Amino acid sequence: RSDAEARTLYRARVVRTVLGPRAQIHRRVDGRWTLLATGRAPWHGTLRFDVVGSAQRLALDGRIVARSQDTAIFSGGSLGLEMLGRRSRAGEFRAA
């Protein structure tokens, strides 16, 4: 969920850390990022990010790896896909 200028949004991602791959859920409000949730995650798999009401849930291959509750962003918006790194690729992208 994000506003038209992407100043306010939720973001889900898998990042490399010294502890291994970590799933993260962030929110951005007025240009300021806040980490809402983090958890262990595999490097590969099918990523699903759900934002329903005040609940955010990130799953990889059907297993929830991070979840949060947040009410800072309360209106609907649009969605997008961002991929970083040479090996990043998307096999399929669906929005519902």
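Residue indices begin from 1 for each chain and proceed along its sequence in written order. Confidence filtering applies because this is a predicted model: local features only for residues at pLDDT of at least 70, side-chain atom pairs given and counted only at 80 or more, and all residues used for totals across whole chains, interfaces and linings. The basis for every side-chain value is the complete set of heavy atoms in the structure, and neither hydrogens nor water enter the calculation.

Observations regarding the pattern of salt bridges
Heads up, the condition is: Each salt bridge in this description consists of a side-chain nitrogen of Lys or Arg and a carboxyl oxygen of Asp or Glu lying within 4 Å of one another. Classification of residues uses two cut-offs on accessible area relative to the type maximum, computed with a 1.4 Å probe and protein chains only: under 20% is buried, over 50% is exposed, and between them is partly exposed.
The final tally for this structure, using the stated rule, is three salt bridges. For the salt bridge of arginine 48 with aspartate 50, the shortest nitrogen-to-oxygen distance reads 3.0 Å. Here arginine 48 falls in the exposed class, since its relative accessible area comes to 52%. Taking the relative accessible area as the measure of exposure, aspartate 50 reaches 17% and is therefore buried. The salt bridge partner of arginine 57 is aspartate 50, with a shortest N-O separation of 3.1 Å.

Points about the pairing of strand S4 (residues 47–52)
To keep it simple, the criterion reads: In this description, strands pair whenever DSSP reports at least two bridges between them. Numbering of helices and strands runs from the N terminus; a helix is a DSSP stretch of H or I covering at least four residues, while a strand is a stretch of E covering at least two.
The sheet contact formed by S4 and strand S5 (residues 55–60) spans six bridges and is antiparallel. Across the sheet, residue phenylalanine 49 finds its bridge partner in S5, namely leucine 58.

With respect to the side chain of aspartate 50
Stated precisely, the cut-off is as follows: Under the rule applied, a polar contact is a pair of N or O atoms within 3.5 Å (in protein, one hydrogen donor and one hydrogen acceptor; residues adjacent in sequence only if both atoms are side-chain atoms). The criterion used for residue contact is that any of the two residues' heavy atoms lie within 4.5 Å.
With respect to the helices, strands and loops of the structure, aspartate 50 is situated in strand S4. Within the structure, aspartate 50 has its side chain in polar contact with the side chain of arginine 48 (distance 3.0 Å). The contacts of aspartate 50, once residues within four sequence positions are left out, are Ala55, Gln56 and Arg57.

Considerations on unusual backbone geometry
Excluding glycine, most residues fall at negative phi; most peptide bonds, likewise, are trans. Of note in the backbone geometry, aspartate 30 takes a positive phi value of approximately 50° without being a glycine. Residue placement: aspartate 30 occurs in the loop between strand S2 (20–29) and strand S3 (32–40). A relative accessible area of 70% means that aspartate 30 is categorised as exposed. Of note, aspartate 61 is a non-glycine position whose phi angle comes to about 50°, a positive value. Locating aspartate 61 in the fold gives a position in the loop between S5 and strand S6 (63–69).

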